[in-house]
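# Coordinate analysis (summary)
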Amino acid sequence: RLNRTFAKSALKGQKFDIFHPTYYETYFLSHLKNKPFVLTVYDLIHEKFSDLFPGVDQTTQYKKELINKADKIIAISENTKKDIIEIYGTNPEKIAVTYLANSFNPEKISQIKNLNLPEKYILYVGDRWTYKNFSLFIKSIAPILRQDKALKVICGGSKSFNNEEKEYLKNLNLTDQVTHYMVTDETLVHLYKNALVFVFPSKYEGFGIPVLEALSCGCPLIVSNQGSLPEVAGHACEYINPYDEISIKNSVEKVIYSDNLRNELISKGYEQAKKFSWEKTAKETKFIYESLL
């Protein structure tokens, strides 16, 4: 609300060349007075998983209107661009793909004490709901965890397990092997650096910044073959079918028990991470702005 109030005031002054909103609300349209605007579309999650969002959520309606009216659209991956074209019928020439990057600089992160990390663990980072595919991921690797009691799963994120998740882990007899850590950027770097593997089993992502975080920290990567993730991970990972338990189980088993494969993935990961930078994102965004002036 504060941002909206400030933006309206700035728009009324008309001392700008281009407006670039940070999300999909339409409050600014009546204040543009024929000035161009650029819209960033991050993903089509609301459209592809509409059953997850309540009827009062107007994001899809707002997004459709802005996509139609924007002078230029920035998509954060080729897959997002493809989805915009397929779902909204947008002219491809109106859409520019500008990749995001990752803000981690592992070399500048100081050593953190008393993290009490297990000796062997698989890392999962981020939200765990629905399309993120956490439940199927855990179910798929349950046989590995039961066979190797020293192996743990660490879930890094801002939200602790809810009662439903706790019950789910209890029913799988995995309560003691799957734990949650509250994280900061500093602790997350250490989680990536010390993990046997980072698994990102999501069914859909507009980009997938955690993939770049893992690669830049020298963490072996297993990633879903869906959405934009292959664009970001390239050849620096082991791919899984996120709908297939056997695919998930076999890939995890293959990576965590092979030092050679993990070293190979780490080496490829460092090279892949070099392809993305905020400087490159900024330069490409600036070029898009200039094309409208």
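My aim in this report is to walk through the structure given alongside it, one point at a time.

About the cut-offs
Residue indices begin from 1 for each chain and proceed along its sequence in written order. Since the coordinates come from a predicted model, pLDDT governs what is reported: local features require at least 70, and pairs of side-chain atoms require 80 or more to be given and counted, while whole-chain, interface and lining totals use all residues. Only hydrogens and water are removed before side-chain values are computed, so all heavy atoms of the structure are retained for them. Note on conventions: DSSP H or I runs of at least 4 residues are helices, E runs of at least 2 residues are strands, and numbering of each starts at the N terminus. In this treatment the radius of gyration is a C-alpha quantity, and the globule benchmark scales as 2.2 Å times the residue count to the 0.38 power. For the exposure calls, accessible area comes from a 1.4 Å probe over protein chains only, and a residue counts as buried if that area is under 20% of its type's maximum, exposed if over 50%, partly exposed in between. Only heavy atoms enter the contact rule, under which two residues are in contact if any of them lie within 4.5 Å. Surface accessibility follows the Shrake-Rupley procedure with a 1.4 Å probe radius. Residue values consider only the protein chains on display as shielding. The convention is simple: Lys and Arg are positive, Asp and Glu are negative, and His and the chain ends are not counted. A single reference atom marks each charge: NZ on Lys, CZ on Arg, CG on Asp, CD on Glu. Think of each axis as a best-fit line through the C-alpha atoms, taken over the contacting stretch in the case of a helix, with angles from 0 to 180 degrees between the N-to-C directions. An angle counts as roughly parallel when it lies under 35 degrees, as roughly antiparallel when it exceeds 145, as roughly perpendicular when it falls between 65 and 115, and as oblique in every other case. Helix crossings fall into two classes, left-handed where the near helix is turned counterclockwise from the far one by less than a right angle and right-handed where it is turned clockwise. Under this grouping Gly is polar, as are all residues other than the nonpolar Ala, Val, Leu, Ile, Met, Phe, Trp, Tyr, Cys and Pro and the charged Asp, Glu, Lys and Arg. Only a pair of cysteine sulfur atoms within 2.5 Å counts as a disulfide in this structure description. Pairing between strands is defined by DSSP: at least two bridges between them are needed. Here, a salt bridge means any side-chain nitrogen of Lys or Arg that lies within 4 Å of a carboxyl oxygen of Asp or Glu.

Take the overall build of the chain next. Within the chain one finds 12 helices and nine strands. By the compact-globule yardstick of 19 Å for 293 residues, the chain fits well, its C-alpha radius of gyration being 21 Å. Relative to its full complement of 293 residues, the chain shows a buried share of 50%. Expressed as a percentage of contacts within the chain between residues at least 6 apart in sequence, the contacts between residues at least 24 apart total 64%. Summed over its atoms, the accessible surface of the chain is roughly 15,200 Å², and 49% of this surface lies on carbon and sulfur atoms. For the chain, the distance from the average site of its 38 positive side-chain charges to the average site of its 35 negative ones is 4 Å.

What follows covers the packing of helix H5 (residues 134-147) against helix H6 (residues 163-171). Packing of H5 against H6 brings their axes to within 11 Å, and their N-to-C directions diverge by 15 degrees. In terms of axis orientation, H5 runs roughly parallel to H6. For H5 against H6, the interelement crossing comes out right-handed. In this structure, H5 contributes Phe-134, Ser-135, Leu-136, Ile-138 and Lys-139 to the contact, and H6 contributes Glu-165, Tyr-168 and Leu-169. Class assignment for the residues of the contact of H5 with H6 results in five nonpolar, one polar and two charged.

The next subject is the state of the cysteines. Using the criterion set out here, one finds zero disulfides in the structure. Not engaged in a disulfide, the cysteine Cys-219 finds its nearest cysteine sulfur in Cys-217; these two sulfurs lie 7.8 Å apart.

The strand order across the open sheet formed by six strands is E6-E5-E4-E7-E8-E9, and the pairing between neighbours is parallel. Edge positions in the sheet fall to strand E6 (178-181) and strand E9 (238-240), since each of these pairs with one other strand and no more. Neighbour-to-neighbour, the strand axes of the sheet open up by a mean angle of 25 degrees, direction not taken into account. Bridge count between strand E4 (residues 120-125) and strand E7 (residues 197-200): two bridges; the pairing is parallel. Across the sheet, residue Leu-123 finds its bridge partner in E7, namely Phe-198.

Pairing is parallel in the open sheet, where three strands are placed in the order E1-E2-E3. At either margin of the open sheet sits one strand with a lone partner, and together these are strand E1 (38-41) and strand E3 (95-97). Neighbour-to-neighbour, the strand axes of this sheet turn through a mean angle of 25 degrees, independent of strand direction. Sheet topology note: the E1/strand E2 (residues 72-75) ladder contains four bridges and is parallel. By the bridge assignment, Thr-40 is partnered in E2 with Ile-74. Contacting E1, E2 and E3, helix H12 (residues 278-291) crosses the sheet at an angle of about 165 degrees to E2.

Another point: the pattern of salt bridges. Between side chains of opposite charge, a pair can form as their charged atoms come close. Counted by the stated rule, this structure contains 17 salt bridges. Two residues, Asp-83 and Lys-48, come together in a salt bridge whose shortest N-O distance is 3.7 Å. Highlighted residues: Asp-83 in helix H4 (residues 78-88) and Lys-48 in helix H2 (residues 45-48), separated in sequence by 35 residues. Classification of Asp-83 as buried rests on a relative accessible area of 1%. Of the charged contacts, one joins Lys-286 and Glu-290 as a salt bridge, the two residues approaching to 2.7 Å between their closest N and O atoms. Within this pair, Lys-286 and its partner Glu-290 are both found in helix H12, separated by four residues, close to a single helical turn. If you follow the salt bridges from partner to partner, you end up with Lys-48, Lys-82, Asp-83 and Glu-86 in one network.

So, on to helix H7 (residues 185-194). Regarding H7, the residues found buried are Thr-187, Leu-188, Val-189, His-190, Leu-191 and Tyr-192. Packing partners of the buried residues in H7 comprise E4, strand E5 (151-156), E6, E7 and helix H8 (209-216).

Functional significance is not addressed by these values, which are geometric in nature.
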